[in-house]
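Single-letter residue listing:
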Amino acid sequence: MKRNDYKKAKKKSSKTRLILKIGLVLAIAVFLTVAAYGVTLHKKAELAADRAYEPIKDRTSRSTAKEDNIQPAKDNVSVLLIGVDDSEDRKQGDSNSRADALLVATLNPKQKTVKLLSIPRDSYVYIPEVDYKDKITHANAYGGTKATIETVEEMLDIPIDYYLKTNFNAFIDVVDALGGVEVEVPYERIEKDETDTGTIHLMPGLQVLDGRHALALARTRKLDNDIERGKRQQMIIEAMMDQAKSPAAITKFGDVIDALGDNIKTDMKYNEMLSFLEYAKGGIPSVDTLTLEGDDDWSTGVYYWKLNDEDLQQKRLILQSHLGLISSLAPDIDDEASSDIVGSTKSVVISPSEDTDVK
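Basis of the calculations
- Numbering of residues starts from 1 in each chain and follows the order in which that chain's sequence is written.
- Per-residue local features of the predicted model are confined to residues with pLDDT of at least 70, and side-chain atom pairs are confined, for both listing and counting, to 80 or more; whole-chain, interface and lining totals are unaffected and use all residues.
- Only hydrogens and water are removed before side-chain values are computed, so all heavy atoms of the structure are retained for them.
- Axis definition: a line fitted to C-alpha atoms, over the contacting stretch in the case of helices. Angles run 0 to 180 degrees between N-to-C directions.
- The helix count covers DSSP runs of H or I at least four residues long, the strand count covers runs of E at least two residues long, and both are numbered beginning at the N terminus.
- Here the word oblique covers every angle except those under 35 degrees (roughly parallel), over 145 (roughly antiparallel) and from 65 to 115 (roughly perpendicular).
- Throughout, a crossing is termed right-handed when the near helix is turned clockwise from the far one, and left-handed when it is turned anticlockwise from it by less than a right angle.
- Here, two residues are considered to be in contact whenever any of their heavy atoms come within 4.5 Å of each other.
- Only Asp, Glu, Lys and Arg are considered charged, only Ala, Val, Leu, Ile, Met, Phe, Trp, Tyr, Cys and Pro nonpolar, and every remaining residue, Gly among them, polar.
- Summary of the metric used: pLDDT quantifies the predictor's per-residue confidence within the range 0 to 100.
- Definitions used throughout: a 1 Å grid over protein atoms alone; a cavity as a set of points that fits a 1.4 Å probe which cannot get out; a pocket as an open set with protein on both sides within 12 Å along at least five of seven lines; a lining residue as one with an atom within 4 Å of a point.
- Grid points are joined across faces, edges and corners, and a volume is the space filled by probe spheres set on the points.

**A closer look at the packing of helix 5 (residues 168–177) against helix 6 (residues 211–219)**
- In contact at an axis separation of 8 Å, helix 5 and helix 6 are set at 125° when each is read in the N-to-C sense. Regarding the angle of helix 5 to helix 6, the classification is oblique. Crossing handedness for the pair helix 5 and helix 6: right-handed. Contacts from Phe168, Phe171, Ile172, Val175 and Asp176 in helix 5 reach Gly211, Arg212, Ala214, Leu215 and Arg219 in helix 6.
- Taken together, the residues of the contact of helix 5 with helix 6 sort by class into six nonpolar, one polar and three charged.

See the structure below:
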């Protein structure tokens, strides 16, 4: 090799090594930045989880989750999502407020599926806390989270392994932290805002809503009914899940954790939350949305949603089968019922009561 060729080759080799070194330094810098960000989020999430942790005292539960040290990544579990309005404007506080949104999620990691059942707030059901039937929304006012959980367990004949209770502020802030959610607004509607002092103007069509507008859509029921509202709540939850799994949302997780802050309560410990994250690895699981059929009932002079007994029993079987509590005696029930009753909508928080009387 000639001297000039050698110098050129050496110069080229040095240049290549320099590029590789710069690339390696940049790669390490990026890795360290990501790692540091991950550690920051981990610590932030751990602190938030500690603040949110609120186990139910003296609970007579059907669930053996706590005793069996259940692992959501491996075991079938159920979660009750409770949305309440504990705003200062209503001066009710968490324990006295009604549960304006109730959704039961059952998770089956082997099937990689989730069943999400919306419970109409005016459903006329037996409430163990007071030993008589009333609107399910009143259970929280009678006995807080404990009474709500026991009422849902009684109604659906399944154990509730975990609960997650959230309020208006958490819902609004999380949606905003995610950059809004894309949903289909079915009609034009002027709805009260989260304080009940202002208004939100919703316009029809597919659009990205901020937290306040998404909450207004989740709350409204004047132009339809509780069943349709439940479907909208489910739709919004799905939209939030879609937004959360987008690449753009990764940098917003810190804001989401901050948004949750002191606005959620749960009996999940941090390691159990991490187990749920393991469950979701490899993609968001398939979600089937379910509703409870029934009829308007004014027979007592007070409005109730009278559940259809046959439909309620069918939903019980679907959830029991999904949790593995019964053998799949009729797989067609599970599949067909899921598709027949699939309503596409979701959301975890929602709506001030229009009836102010509590028995």
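Next comes the rest of the account.
**Here we look at the confidence of the model for the protein**
- Considering every residue of the protein, the mean pLDDT works out to 77; 72% of them sit at 70 or more.
- Confidence scores differ between elements of the protein, with helix 11 (residues 331–340) showing the lowest mean pLDDT of 47 and strand 4 (residues 124–127) the highest of 97.
- Residue range residues 334–359 is modelled with pLDDT below 50. Its contacts to residues more than four positions away, or to other chains, number 114 contacts.

**Some points on empty space enclosed by the protein**
- Evaluation of the coordinates by the stated rule reveals three cavities of 30 Å³ or more.
- Estimated volume of the largest cavity: approximately 60 Å³.
- What lines the largest cavity is Asp100, Ala101, Leu102, Ser118, Ile119, Pro120, Arg121, Asp226, Arg229, Gly230 and Gln233.
- With four residues, the top contributor of residues to the lining of the largest cavity is helix 7 (residues 226–244).
- Grouping the constituent residues of the lining of the largest cavity by class yields four nonpolar, three polar and four charged.

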